[in-house]
Each structure stands twice: as structure tokens, then as C-alpha cells.
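As a plain string of letters, each chain reads:
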Protein chains: 2
Amino acid sequence: MTQLLKGMRVVEGSAFVAVPLAGMTLAQMGAEVIRFDRIGGGLDANRLPVAPSGQSLFWAGLNKGKKSIAVDMKSAEGRELVTRIVTAPGEDAGLFLTNLRVRGWMDYETLSQFRDDLIMVTLTGDRHGRPQVDYTVNPALGIPDITGPEGHADPVANALPAWDCIAGNMCVSALLAAERHRLRHGNGQDVEIALKDVAAAMLGNLGMIGDAVLNEEQRGKSGNALYGAYGQDFLCADGKRVMVIGLTERQWKGLVSATGTTDAMARLAARKGRDLMDEAVRWELRHEITDILRPFFATRRVDDFAVDFNKAGLTWSQFRTVKEAVAEDPDLSMDNPIFSMLDQPGLGRFPVPGTPMNFSAAPRTEPQPAPALGMHTEEILGDVVGMCDTEIARLFDKGVVQSPRFAAPLAAE
Amino acid sequence: MTQLLKGMRVVEGSAFVAVPLAGMTLAQMGAEVIRFDRIGGGLDANRLPVAPSGQSLFWAGLNKGKKSIAVDMKSAEGRELVTRIVTAPGEDAGLFLTNLRVRGWMDYETLSQFRDDLIMVTLTGDRHGRPQVDYTVNPALGIPDITGPEGHADPVANALPAWDCIAGNMCVSALLAAERHRLRHGNGQDVEIALKDVAAAMLGNLGMIGDAVLNEEQRGKSGNALYGAYGQDFLCADGKRVMVIGLTERQWKGLVSATGTTDAMARLAARKGRDLMDEAVRWELRHEITDILRPFFATRRVDDFAVDFNKAGLTWSQFRTVKEAVAEDPDLSMDNPIFSMLDQPGLGRFPVPGTPMNFSAAPRTEPQPAPALGMHTEEILGDVVGMCDTEIARLFDKGVVQSPRFAAPLAAE
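Reading guide: rules and limits
- Residues numbered from 1 in each chain as written.
- Chains lettered and ligands numbered in written order.
- Predicted model: local features only at pLDDT ≥ 70, side-chain atom pairs only at ≥ 80, totals over all residues.
- Heavy atoms only, no water.
- Contact = heavy atoms within 4.5 Å.
- Buried area = accessible area lost by both parts, 1.4 Å probe.
- Salt bridge = Lys/Arg side-chain N within 4 Å of Asp/Glu carboxyl O.
- Polar contact = N/O pair within 3.5 Å; in protein donor to acceptor, adjacent residues only side chain to side chain.
- Least-squares fit on C-alpha atoms with pLDDT ≥ 70 in both.
- Pairing = 2+ DSSP bridges.
- Helix = DSSP H or I, 4+ residues; strand = E, 2+ residues; numbered from the N terminus.
- Axes fitted to C-alpha atoms, helices over the stretch in contact; angles between N-to-C directions.
- Buried < 20%, exposed > 50% of the residue type's maximum accessible area, 1.4 Å probe, protein only.
- Core = buried A, V, L, I, M, F, W, Y, C linked by side-chain atoms within 4.5 Å.
- Phe/Tyr/Trp six-rings, centres within 6.5 Å; stacked < 30°, edge-to-face > 60°.
- Lys NZ or Arg CZ within 6 Å of the ring centre and 35° of its normal.

### Concerning the interface of chain B and chain A
Counting residues at the interface gives 149 residues for chain B and 149 residues for chain A. Regarding the contact of chain B and chain A, the summed buried area is about 12400 Å², with carbon and sulfur atoms giving 63% of it. Of all residues in chain B, R180, L206 and K323 of chain B give up the largest surface area on contact with chain A, accounting jointly for 6% of the area buried on that side. Here chain B and chain A share 18 salt bridges between them. Measuring nitrogen to oxygen at the nearest pair gives 2.7 Å for the salt bridge that ties R127 of chain A to D331 of chain B. Taken together, chain B and chain A are joined by 57 residue pairs in polar contact (both at pLDDT 80 or more).

Dropping the structure here:
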């Protein structure tokens, strides 16, 4: 068994979450992914969170298993070098992922002159080419308005850069679909995706645009309730908080049965003249349902019901802090085969995830650390660009490229 | 130009967000996607939000452009029918997406007996096969603990089913990568992805696991601030709220310059003995920075600075409700080529998004409405399974399949 995308070479010119995530996802499926950065590191080289050393855990997390080259793109020679890397020959190469919107030497028109079957996937801010990030797209579309405790006046933003994570995965799909097309028809193409369009489309996909246009009443904040059916958080007697779900009929019946509230729910339904088997009715009567369920949880510790809930197949979980989750949840530990314990120079030792995708016909790629900036410069110039040692040495001497062998790593302060 | 995935046939047995989104994404790239459901509709047939008619906008949003067949899977004949659809011949067929965890007749071992190069992508709750949904995965990993206003005691859940959206896009990548592998090596495979693993891996990718293990101090709630650098929301004189970003050096300099706060920021830096060009320092001093910027916004309406901000290339946006966004933002209207105005039977007329991916070598697929349940039954039984009219009529008579032509649509109450 070989890795799924073995032999594919992808070049990435990127920063932040989405495109680095796309490149890393491909690397974790076996592709060779070359990330180029300016000398000194890209815009995200020092992004928080950082390790006690000051080195970026964020950068390390999103660039695992890639090859790194650092190039002075202010020089003509550096720009030519990047062009040669992006458009280097190879049946399964000529694949370029970027969110650096560089007009001129790095746009599709120019690059495709050097390789006419180039596939270039560009993620922009909005469709007009204006800068937008997850933190601006999200409020513009209204998600913070429907997030947060019921009655809370102000918008509440996401802590997770969800749109970036979605867009990054979409870049992977776009690249694979375009490469499939090239394999059959021979031609490359320019693929453009705007982060704001990704969010706009998803808003529509979830029915929220139709809801806004067709319905008078607007969806408001509903705290931690599951929208549209039943699901709620409860504080237990041990101070722990749980989330319980009654989305499907089976989940709902299981929850009512496990909490011994069958009669109380029947009385509620009778009093209101409504059928709680209808998920929309559960949503409408969620506060009344919560009032019935609350005493069950308030008088029990999680340990008192966890085994029973699992035995009954209920859909539920316990709220944790990130630190608690990492310390307590086996799914975030070495118990989970997607994690490896890595000792990463300059960072430290902690469980590092590989891909969550399990392919039966390909071996699991063990998580690899992120490269030091410029670490693969000589290898890339030799193997990909086809330069001889003399040429490579000249580029180092001139400062067109830089690697840790020739200078102290600059990404770490 | 033909659509990118034209000729590919994918069968989907699904409910809710992730897998329906995956199938729809493939349909929007040109694949033929057949969703099968039980008679009466799947678990998500009536999911909120709904149109004034009571019909689900959610279902319509996530199943656009698919073909629909409704089958009685409680009968042996119905199960055999689904098996034949999933494993039907065709070079670019034999692709199955599902989140229905059915042991026995619908698992990979059984289905692949009928087509040994079958590719099956299964999304489960957690890696143990236990039920988990976006609403339970998110609190288990700690995201709600870091979401919400600074000082707010309780966890705040996502309003966006972010993990589902991420996992759905990952199912697309997994399917395309496995199909690429089959094209080269001939073999199919079983691909398994757990929603909780998707979230666990992303937590690690973003550096949050390393942060939790290596650093004493734990990231807390920080309201609507951009984590790790500078970005903040401000209330303006007209009651509107904006988000402004100073993530990169360029964004930060632009923001300071456009708000005329250069001197005040220099005084802050001098007083603290810190360099605001360092993004981590901006994060540390975000409250002081916000105090300096607040008067600029408090004394101005959005219209007073919007043109200048755009001219200066600042990264910013205005907070809106979903209703306001749909009414006011051209990116959520017919002005944006990803949208089409569709008049959908039983739902109404509103802008419907196609894919946000723009492929230069493939035409944009105009958004298609979702099918009525069972609408393509005859076509699928004839063209895909290869049944004759007599056989098809017998299945309808027996109630093994059902379509709107033979019965009132059941998905709408």
C-alpha cells in the first residue's frame, strides 16, 4: 500500500489558516507539498498561540509534513525561482495553491505561460478581490447576531475560524477536481474561491437565506439550545455541564426514557395540545421541556448517569475547557490512532494529529513536524528546479534563498 | 466546456448537514448525485428552518441538484434495490457517501461483494461509532469555553454547525482522492471519518492542543476580539457596529493611519515600553488600543468612514443580522453570480447559491432546486438499475418505492 496521493506535487504560497490547511491536508494524504515563504517567514510565521520558546504553535500546526523554501521575492531572481518551482515539470505537478493575491508575476496568466496545464487555486477575501478574513466575513453575514445567550444584546463572534477551515477543505476539493479534469482532458485552469462567497453559499445551503426572505420572524439567539428541535445544556450536581440531544425521534425518546420524564412530557404535550414527536414542537416548547429535565441533572453527578446514557445510546457530551479536553478525553490523546506524540524542536512534546480520514487502501501517514523555515531549500532547488550545486551556492551567497544551515532560523525570535 | 465532474455518479444515503453537503458539492461540480431516502423522507426531511408552507428550507438547501429515490428499506426487496443502485456498473460510478451507520446489508464488506472496486465514504459520530453531532462535539472539545464576552461565566455554543460543514467538505476530498487512486490502481476502498476526529485534528492544527499542554495559562474568552493580534468590534454613532482588523503589519498601520491615532499609539507603546508592530504585543495591549480607537467610531457614522476605509484597503466589515445581510449586502444577492433567483414549488422565491468555486475550464452550474422526494424513482430504476417498465410498475404497486407521481409528497406535511 502506498499513500493515496503519492507522486503528486503541490506548491503553496500562503499564510494563515485556509490555504495552509489545504496544503497540509494534501500532504497528509501523501502529496509532496512545497510551501514557499519570503525570507524571515510569512505573515503567519509568529502567529499565536506560541510555545514557551516563543515559536508559533499555530504555524507548526498548519504546516506539518510540508517542505519549506525561503525566497527573496523582492528580487527578480527570487521571483523567477518561485515561478520555476510552481511550473516545474512532472505529470502530477503544476498544482499551485495560494491566498497571496499578487498581480503580475504570480497571477495565472503569467504563470501559465511557463506551464500551460497549470492548475492554480486562489482563495481571495471577497469576490471583488478586497481583503476579508474569517473575523470580518462572519459578522457581515449575521452569525454573531444569532450566537450567544438568549436575551444578550450584543453579537457574539466565533472563537473557531470556521469559514477558514471550510474554505481550506474546499480548496482541496477544487484542486482534486481540477486535477481529475486535467488527467482526462489535458488542460489546466484557474480556480478562484472567495472566502465571503464560501460563507454566503453556506448560509443559503443551511436554509438561512430562504428563512430571511420568506419568514417575517427572524431567528434570534437561543443560547446553547440545538436549533430547530431539542438539545440543551444542563448543569449537574458536580458542577459539570452536559449537552443532551433530542434531534431525531429516537434520540428524543431515549432522552425522555433515560431521564424518567415520560409522564411529565406527556402532561406537557396534553396541556399544550401539541405533539412532542414533531421536532418543531420540541423547539417551540424547549423552555418547558428544559424545566422538566433540569431537576434530573441538577440532582446528579455526571458519573451517576454516564454509563446508563451510553448504554442507552444517547447522543450527549460533557462540556470541557480545551485544557480539560486534552487532559481527560481519550479521543484527544495517544489512545486515538490519529495522534502521535511528537517532540518538536523549539516547541516541545505533545500529541499531534494526522488526518482524520481513514483510507482502507492506503497506510495512515504518521504526523510529521512542520519544517524549519527554508529547511528544504537545497533539495527543492536541486530536485524540483534541477539546479546544480554551483548555481544553488550562488543563490545562497546572493541571499536570494536562505536556509537554517546557512543562517539562524528567523521564524523563531 | 463541460462540467468538471460530468459523468461521475455518486450515491448518497444521508441525513442532516455534512454528508448532504458533500453530495451537493459534488453535484454542483457536475456529478450525478442520487440520494436515497426511506419512504416518507429521511431524518432531516422536515428540519427547520421551514417556509411558510411548512416545507423544509434546510432540506431544500442541502439537496439541490440531486436525484431522489424513496425506498422501503424495511423490505428485503428495498434493500436489494439500494444495493443495486450503490453498486451499479459504470467506470465513474460505484461511489457511495453515507452517514447512516447500517451494519449488515449496507456496510462496506457486504456492498463490495457486489462491486469490488466500490468506494464508500462513511462519516460517523466518533471513532468508536457512537452517536455524536456538531452540538455535542463542539462542547466536548472546549470551543464554547473560549467563546463569548470576556468575563461571561458560561460556555457559548456555535450557531453555525461548523464541524459538520468542515466534515462535509472533507468527505468530498476523501471521495475524490480515493477515486483518483482507483483510476490509477483499479481498487476501491472503505473510507471512514469520524466527526469528532475532524474536530480533534483541527484543534491540533490550530495549535490549541500544544497550547493546552505546554502553556500554564489557558486561553480565555475574549469577546469579539481577533485572537492573537488586533481586531475588535466598535459601536458607531449611528448604532451600527463594525469589525476592524489589525492582524498583519500592513493592516495595523492602515487602521492606525485611517483613524488618526498614530501619536496616541506611539504614546501607548512608549508608556508600556512595547513594540506594537509585534502582533503578540497588540494582543496583550488590546484593551488599551481599543480605548484609543473607541472615540473615532463612537463619534462617526459608518457612512462617514466607509469610503475612506475601502480606499485605504482596510480589512473591516459591518455587523448585520442575517435579514439585514440578505437585504443589504450585494454579495448575498443576484448581484453575485453565484446566486440565482429560484421559484421553488412549496417554498417560494429567493436567491439560491451555487458553488462558490469558480473553475475557468468549466461552466458555472446554475443552482438547481432540490428534488421532491422520490421524484427520480422511475429514471433511476430504469437508467441506473436497468429495470424494465413492468418491473418498475411492480415495485410501485408493492410500495417498495414511492414517487410524487404515485402519491402526494410526504416530505411536506
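So that's the structure; there's more coming.
### Focus on the relation of the copies chain B and chain A
Both copies of the chain are placed relative to one another by a rotation about an axis and a shift along it. For these two chains of identical sequence, chain B goes onto chain A by a turn of 180 degrees and a shift of 0.0 Å along the axis, with RMSD 0.0 Å. Those values place the two copies in the arrangement expected of a two-fold rotation axis. Here 100% of the interface residues in chain B have copies in chain A that are interface residues too; the copies meet face to matching face.

### Let's talk about the sheet that holds strand β9 (residues 316-318) of chain A
Spatially, three strands are ordered β7-β8-β9 (chain A) in an open sheet, and the strand pairing comes out antiparallel. Looking at strand neighbours, the two that pair on one side only are β7 (230-235) and β9 of chain A, the edges of this open sheet. Direction aside, the axes of adjacent strands within the sheet are offset by 15 degrees on average. Of the pairings in the sheet, the one linking β7 of chain A to strand β8 (residues 241-246) of chain A comprises six bridges and is antiparallel in character. Along β8 of chain A, the bridge assignment pairs Y230 of chain A with G246 of chain A. With respect to the sheet, helix α13 (residues 302-311) of chain A is in contact with β8 and β9 of chain A, its orientation differing from that of β9 of chain A by roughly 150 degrees. Running at roughly 10 degrees to β9 of chain A, helix α5 (residues 134-141) of chain B makes contact with β8 and β9 of chain A of the sheet.

### Observations regarding helix α9 (residues 249-258) of chain B
Residue and element names in this part refer to chain B. Every buried residue of α9 is listed here: Q251, W252, G254, L255 and V256. Of the surrounding elements, those touching the buried residues of α9 are β7 (230-235), β8 (241-246), α10 (262-272), α11 (279-284) and α12 (286-298). Backbone geometry just after α9 places G260 at a positive phi near 60 degrees.

### Observations regarding the nonpolar core
Counting 128 residues, the largest nonpolar core has L26 of chain A together with L26 of chain B as its most contacted members. When sequence neighbours within four positions are dropped, the list of residues in contact with L26 of chain A reads L5, V10, A31, V33, L97, V172, L175 and L176 of chain A. Membership of the second largest hydrophobic core comes to 28 residues, among which are A88, I380, M387 and V400 of chain A.

### Some thoughts on the packing of aromatic side chains
Scanning the entire structure with this criterion turns up 24 aromatic pairs over all chains. Summarising the aromatic geometry, the rings of F297 of chain A and F309 of chain A are spaced 6.1 Å apart at their centres and angled 85 degrees between planes, so their arrangement reads as edge-to-face. Here F309 of chain A lies in helix α13 and F297 of chain A lies in helix α12 (residues 286-298), a separation of twelve residues in the sequence. Residue class for F297 of chain A comes out buried when judged on its relative accessible area of 0%. Assessed through its relative accessible area of 0%, F309 of chain A is described here as buried. Judged by centre distance (5.4 Å) and plane angle (90 degrees), the rings of F297 of chain B and F305 of chain B are edge-to-face. On the basis of relative accessible area, F305 of chain B is assigned to the buried category, the value being 1%. Among the aromatic residues, those joined into a ring-pair cluster are F234, F296, F297, F305, F309 and W316 of chain A. The ring centre of F58 of chain A lies 5.5 Å from the NZ or CZ of R47 of chain A, which sits over that ring.

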